[in-house]
Amino acid sequence: FLINKIKQNRDEIIKLLKLKGEIVVTSINAPFFKYNRNAKRNVYCFPPLMAFGVWCSSLANYLNDFTLISFNFLNKENIPAYYADLIIGESDLSDIILLTYSAGGRLAFEVTKELESRNVNVSDIIMIDVNKTIKQFATKEDVEAQGVFETLKEYNLDHLKEKVYSVIYDYMSYTRSTIFSGSIKANIHHVVAGSEDKSLAFLTQGQYKEYLGVGEHRAMLQPPFLKDNAELINSILLKNIPV
């Protein structure tokens, strides 16, 4: 029965796989990916070590009041300035909201410093389990541990492996050579996993609030923990950011 169903719907299945493949290719080659395009407020998202904007595709399903502009990592000469330019280009220059996960906290912090130096107001950053310190060096094993290659294999996109490897390695190298220094005016909302001291209050002159998320670090945005953490993030947005 199943085989017959597959045969009957072969063209639709191929079309769907091709579409998903095109989405992955677009995500890799474009500066950002947009979710919830018709929402009124933008939230600008910086990836964890997987380096690509698709990291928040599932999260976006719970943040329907917000358009998520989710950046891919692109290794430019002045990385914070590059992303600041992108944000300004996509913004009406009302208060800027950033969202980031794990190692992406370093890039979000540097971009905030860049925006504030241009007198652009970043009102809030939501950080998901960002550590104060990070391993110093990127390795091949670190890249392979991200699981991105399995997604490429699933959609017959193995030919993109070298490109993906290069981007993730560059992003690891950037985040692991970027030390938190200085402070920003933006408020920081920090959703943390576990009981370890992860306070980042020293990074801001504004308000710092910490929230207890569920699940261990790598699983926070995966089932079965995704729903609870996503709803917490949505409540932070709705409580602190006018829609």
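In this report, we go over the structure that sits alongside the text.

Calculation rules
Residues numbered from 1 in each chain as written. Predicted model: local features only at pLDDT ≥ 70, side-chain atom pairs only at ≥ 80, totals over all residues. Heavy atoms only, no water. Helix = DSSP H or I, 4+ residues; strand = E, 2+ residues; numbered from the N terminus. Axes fitted to C-alpha atoms, helices over the stretch in contact; angles between N-to-C directions. Parallel < 35°, antiparallel > 145°, perpendicular 65-115°, else oblique. Left-handed = near helix turned anticlockwise from the far one by under 90°. Contact = heavy atoms within 4.5 Å. Salt bridge = Lys/Arg side-chain N within 4 Å of Asp/Glu carboxyl O. Pairing = 2+ DSSP bridges. Phe/Tyr/Trp six-rings, centres within 6.5 Å; stacked < 30°, edge-to-face > 60°. Buried < 20%, exposed > 50% of the residue type's maximum accessible area, 1.4 Å probe, protein only. Expected span 1.5 Å × (residues − 1). Right-handed = clockwise from strand over helix to strand, strands pointing away.

## Re the environment of Asn61
Alright, step 1. In this structure, Asn61 sits in the loop between strand S2 (41–46) and strand S3 (66–71).
Alright, step 2. In this structure the C-alpha to C-alpha distance between Asn61 and Ala230, which are 169 residues apart in sequence, comes to 8.7 Å.

## Quick notes on the packing of helix H4 (residues 104–117) against helix H7 (residues 161–176)
Alright, step 1. Interhelical geometry of H4 versus H7 gives an angle of 65 degrees and a closest axis separation of 9 Å. Classified by the angle their axes make, H4 and H7 are roughly perpendicular. Between H4 and H7 lies a crossing of left-handed hand. Every residue of H7 that contacts H4 at Gly104, Arg106, Leu107 and Glu110 is listed here: Tyr171, Tyr174 and Thr175.

## A short note on the pattern of salt bridges
Alright, step 1. Counted by the stated rule, this structure contains seven salt bridges.
Alright, step 2. With its nearest N and O atoms 3.0 Å apart, the salt bridge here joins Glu114 to Arg118.
Alright, step 3. By sharing partners, the salt bridges in this structure join Asp85, Glu114 and Arg118 into a single network.

## Side note on the sheet that holds strand S7 (residues 208–212)
Alright, step 1. The strand order across the open sheet formed by seven strands is S1-S3-S2-S4-S5-S6-S7, and the pairing between neighbours is mixed. Lying at the two open borders of the sheet, with one neighbouring strand each, are strand S1 (32–35) and S7. Across the sheet, the mean angle separating the axes of adjacent strands is 20 degrees when strand polarity is ignored.
Alright, step 2. Contacting S1, S2, S3 and strand S4 (96–101), helix H3 (residues 79–90) runs over the sheet at an angle of about 165 degrees to S2.
Alright, step 3. Here H4 sits on the sheet in contact with S2, S4 and strand S5 (122–128), set at roughly 160 degrees to S4.

## Regarding the packing of aromatic side chains
Alright, step 1. Tallied over the entire structure, the rule returns twelve aromatic pairs.
Alright, step 2. Between Phe73 and Tyr171, the aromatic rings sit 4.7 Å apart at their centres with planes inclined by 35 degrees, giving tilted as the arrangement. Of the two residues, Phe73 is situated in the loop between S3 and H3 and Tyr171 in helix H7; the sequence distance between them amounts to 98 residues.
Alright, step 3. Since its relative accessible area comes to 0%, Tyr171 is described here as buried.
Alright, step 4. Linked through ring pairs, Phe32, Tyr44, Phe46, Phe71, Tyr82 and Tyr83 together constitute an aromatic cluster.

## Thoughts on the side chain of Thr175
Alright, step 1. With respect to the element layout, Thr175 can be found in helix H7.
Alright, step 2. A residue is classified by how much of its surface remains accessible, and Thr175, at 0% relative accessible area, is buried.
Alright, step 3. Excluding residues within four positions of it along the chain, Thr175 makes contact with Leu49, Ala103, Arg106 and Ile134.

## Here's the deal with H3
Alright, step 1. Taking 1.5 Å per residue, twelve residues should reach 16 Å; H3 reaches 17 Å between its end C-alpha atoms and fits that length.
Alright, step 2. Along H3, the positions that sit buried rather than exposed are Ile79, Pro80, Ala81, Tyr82, Tyr83, Ala84, Leu86 and Ile87.
Alright, step 3. Close packing links the buried residues of H3 with S2, S3, S4, H4 and H7.

## A closer look at unusual backbone geometry
Alright, step 1. Each neighbour pair has its own omega, and for Pro223 with Pro224 the value is 5 degrees, a cis peptide bond.
Alright, step 2. One can find Pro224 in the loop between S7 and helix H8 (226–240).
Alright, step 3. A positive phi angle, close to 55 degrees, is found at Asn36, a residue other than glycine.
Alright, step 4. Along the chain, Asn36 turns up in the loop between S1 and S2.
Alright, step 5. Despite not being glycine, Ala51 shows a phi value in the positive range, around 80 degrees.
Alright, step 6. Of note, Ala51 is situated in the loop between S2 and S3.

## Overview of the pairing of S4
Alright, step 1. Extensive coverage of S4 is indicated by the burial of six of its six residues.
Alright, step 2. Here S4 shows a buried face lined by Ile96, Leu98 and Thr100 and a second buried face lined by Ile97, Leu99 and Tyr101.
Alright, step 3. Note that S2 and S4 share three bridges and pair parallel. Within S4, the position partnered with Phe46 by the bridge is Thr100.
Alright, step 4. Relative to S5, S4 is paired through six bridges, and the arrangement is parallel. Of the residues in S5, the one forming a bridge with Thr100 is Met127.
Alright, step 5. With respect to chirality, the unit in which S4 leads through H4 into the neighbouring parallel S5 is right-handed.

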